[in-house]
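Descriptive structure summary
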Amino acid sequence: MHFRYEKAGRTVDDQPIPWNAEAVLVTALVRLPKTSPRRKADFQLRVPGIDLVSAERMEQEGDEQHRLTFRFAPPGQTVTVELFCRERMLGQLTLPFLSKDEFLQNLRLQMPTLCVRLGSQTVACQTFVSSQCRGLLASAVLTSPTSLAPLLDLDLQVEFRCERSGSATRVPVNLCSSQLGGRQALVTVVPKRYPRRIGTWVATWLLGDRPLASQRIRSISQRAFHRSLGIADTRFVVQATPESVRLTRQVPPLENTKRIGPCFLVRSGEPGMAGLCRLQITAQVPGAVQPPLLLEQDVLITDGPTMVAPGTLDAADLQQVSGFELSVRGQSLGVLSLCPAPTATFTSEGGFKPYHDYTWSAAAEEEMNERLNRLLEGRGRSE
C-alpha cells in the first residue's frame, strides 16, 4: 500500500499530507486468485472520521495481481487507514499529517544572494557603481524536510525597498512543478526596476508577512569607486623559456631572462564591491614624450585582488624602461619599478638620506623586510 496527495494538479508521493492538500490517494496492490471476487465494489478503505471509501479504480496488472485506487478528502490529522475485502482486512497504512506551523518552523531559506548585472557579467556583490548597473536579481535556496508543494498558498515574495525614499516593490517567487515536488529549490527573482541612483536598497524575503531574510546593497558614484581603488600587490611575470613562466616579487637580472612583464593585483577598499574599470598600463621611459601603452582594458574589480597583466616583453627592449605604471583615467594607482633598490646612506646621527628617484612598492617593502630579518637573525647568532 502507498499514498500520495494532490495539490493544484500536482501529485506528491509518500510525503506527509499538508494542511492545504486537496485530495489523498491510496493505492494497494493485491493478489486475487481466480476463484476470488474481482469487483471493485468488494473493496473498501476505512478512514477514521470519514465514511467507508470505495475503490475508485481497479486495474489488472497480471494474472492474479490488481491495483486498487482510493481517493478521499484529507483527514486533517495523522490516521491509520485499513483496507477491507468485504469483511476481511487485507492491510493498513499510516497517513502522516503536516500542519502549517510545523511546515513553517522547518522551512529554511539559505544563501540569499544579491547580484548585479554589469555589462555582460552578473556578479554577486554588496556595493556597485550606480551608472553601471543594468539589472538586479535576488536568489536563495529553499530547503524543507518535506515537499515544498505547500508553498503554493503561502505567498512567497521578495520586497525591494529604497532606504532614501522609502518606496518599495514586491516580486512574487514562483517554483516550477519539479521544484514543488522536491525538498530543496534554487529560486531567483528579477525586479522590473533596478537601482539607478546613489543610495542603499534592502531586499527582504517574505513568506506572507513573515520575513525570512534581509540583505542590503549600496550603489556609489563612479568617482567614489575610482577613489577606492588600490594596488594590493605587484609581481613580475618572468619567462625564461617558452614553456617556463613564473611570478616573482623582485626583478631578475635582464641578461638571464628572455621575457619580462608586469603584473598588478588591484582591489577596491569598498566592502563587497563589484565594478568595471578601464585600466591602463604604460612603460616608463625616461625622456619619452608619450609613454608606450602596454594595456588598456575594462576590468571587473572587486574587494579581492584582481590580476591585471599585459603580457611579457623581450628583455632586450627593457634596457631603457625604468618601470611600469598602472593608472585609471590619467590618475596613477602605482608603479612597478625595474630599477634595483638603492643602498641607504646613513648619516652621523643614525638616520639615512632618502633616495628621491626611487618609487617605493610592495616588492621593495618585502625586500626590505627580508633584509632586516636576515640582519636581526645574524645579530642574534653573534650574541
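Before reading on, note that the structure itself is shown above.
Definitions and cut-offs
- Residues numbered from 1 in each chain as written.
- Predicted model: local features only at pLDDT ≥ 70, side-chain atom pairs only at ≥ 80, totals over all residues.
- Heavy atoms only, no water.
- Helix = DSSP H or I, 4+ residues; strand = E, 2+ residues; numbered from the N terminus.
- Buried < 20%, exposed > 50% of the residue type's maximum accessible area, 1.4 Å probe, protein only.
- Contact = heavy atoms within 4.5 Å.
- Pairing = 2+ DSSP bridges.
- Axes fitted to C-alpha atoms, helices over the stretch in contact; angles between N-to-C directions.
- Salt bridge = Lys/Arg side-chain N within 4 Å of Asp/Glu carboxyl O.
- Phe/Tyr/Trp six-rings, centres within 6.5 Å; stacked < 30°, edge-to-face > 60°.
- Patch = residues over 30% accessible without salt bridge, like charges linked within 9 Å, V, L, I, M, F, W, Y side chains within 5 Å.
- Areas by Shrake-Rupley, 256 points an atom, 1.4 Å probe, with all protein chains shown as cover.
- Lys, Arg positive; Asp, Glu negative; His and termini not counted.
- Charge placed at Lys NZ, Arg CZ, Asp CG, Glu CD.

To continue, consider the overall build of the protein chain. Looking only at helices and strands, the protein chain has 4 helices and 31 strands in total. Per-residue burial for the protein chain yields a buried fraction of 42% across its 383 residues. Of all intrachain contacts in the protein chain linking residues separated by at least 6 positions in sequence, the fraction that spans at least 24 positions is 62%.

If you trace the 4 strands from one edge of the open sheet to the other, you get 13-12-15-18, paired in antiparallel fashion. Looking at the sheet topology across the chains shown, the edges are occupied by strand 13 (121-124) and strand 18 (184-189). The average undirected angle you get between the axes of adjacent strands in this sheet is 25 degrees. Alignment of strand 12 (residues 108-118) against strand 13, held across 4 bridges, turns out to be antiparallel. The residue of strand 13 that forms the bridge with R117 is T122.

Attention shifts here to the environment of T27. Among the secondary structure elements, T27 is positioned in strand 4 (residues 23-31). With 40 residues separating them in the primary sequence, T27 and R67 have C-alpha atoms 6.8 Å apart. What T27 contacts, discounting residues up to four positions off in sequence, is M1, H2, R4, R67, L68 and T69.

This brings us to the pattern of salt bridges. Across all of its chains, the model carries 15 salt bridges by this definition. The salt bridge involving E64 is made with R31; its shortest N-O contact spans 3.6 Å. Of this pair, E64 sits in the loop between strand 7 (57-60) and strand 8 (65-72) while R31 sits in strand 4, placing them 33 residues apart in sequence. Between R57 and E56 there is a salt bridge, with its nearest N and O atoms 3.7 Å apart. Three or more residues joined by partner-sharing salt bridges are found here, namely E6, E56, R57, E59 and R71.

To continue, consider the packing of aromatic side chains. Evaluated as defined, the whole model comprises 1 aromatic pair. Seen in terms of ring centroids, W19 and F103 are 5.9 Å apart; in terms of plane orientation they differ by 50 degrees. Their pairing is tilted. Taken as a pair, W19 in the loop between strand 3 (17-18) and strand 4 and F103 in helix 1 (residues 100-106) lie far apart in primary sequence, 84 residues in all.

Once that is clear, we can look at the pairing of strand 9 (residues 79-85). Among the 7 residues of strand 9, 5 are classified as buried, and the element is accordingly described as predominantly covered. With 4 bridges connecting them, strand 5 (residues 43-46) and strand 9 associate as antiparallel partners. When the sheet's bridge partners are listed, L45 is paired in strand 9 with L83. Relative to strand 10 (residues 88-95), strand 9 runs antiparallel, the two sharing 7 bridges. Across the sheet, residue V79 finds its bridge partner in strand 10, namely L95. Between the antiparallel neighbours strand 9 and strand 10 lie 2 residues, among them R86 with a positive phi of about 60 degrees.

Turning our eyes to something else, we now look at the sheet that holds strand 6 (residues 53-54). Ordered in space as 6-5-9-10, the 4 strands form an open sheet in which the pairing is antiparallel. Only two strands of the sheet have a single neighbouring strand rather than two, namely strand 6 and strand 10.

Before going further, it helps to examine a positive patch on the surface. Positive charge collects at one region of the surface, where R117, R134, R164, R193, R196 and R197 lie side by side. Locating R164 in the fold gives a position in the loop between strand 16 (156-162) and strand 17 (168-172).

It is worth spelling out the environment of D42 at this point. Relative to the helices and strands, D42 resides in the loop between strand 4 and strand 5. Taking the C-alpha atoms as reference points, D42 and F84, separated by 42 residues in sequence, lie 8.1 Å from one another.

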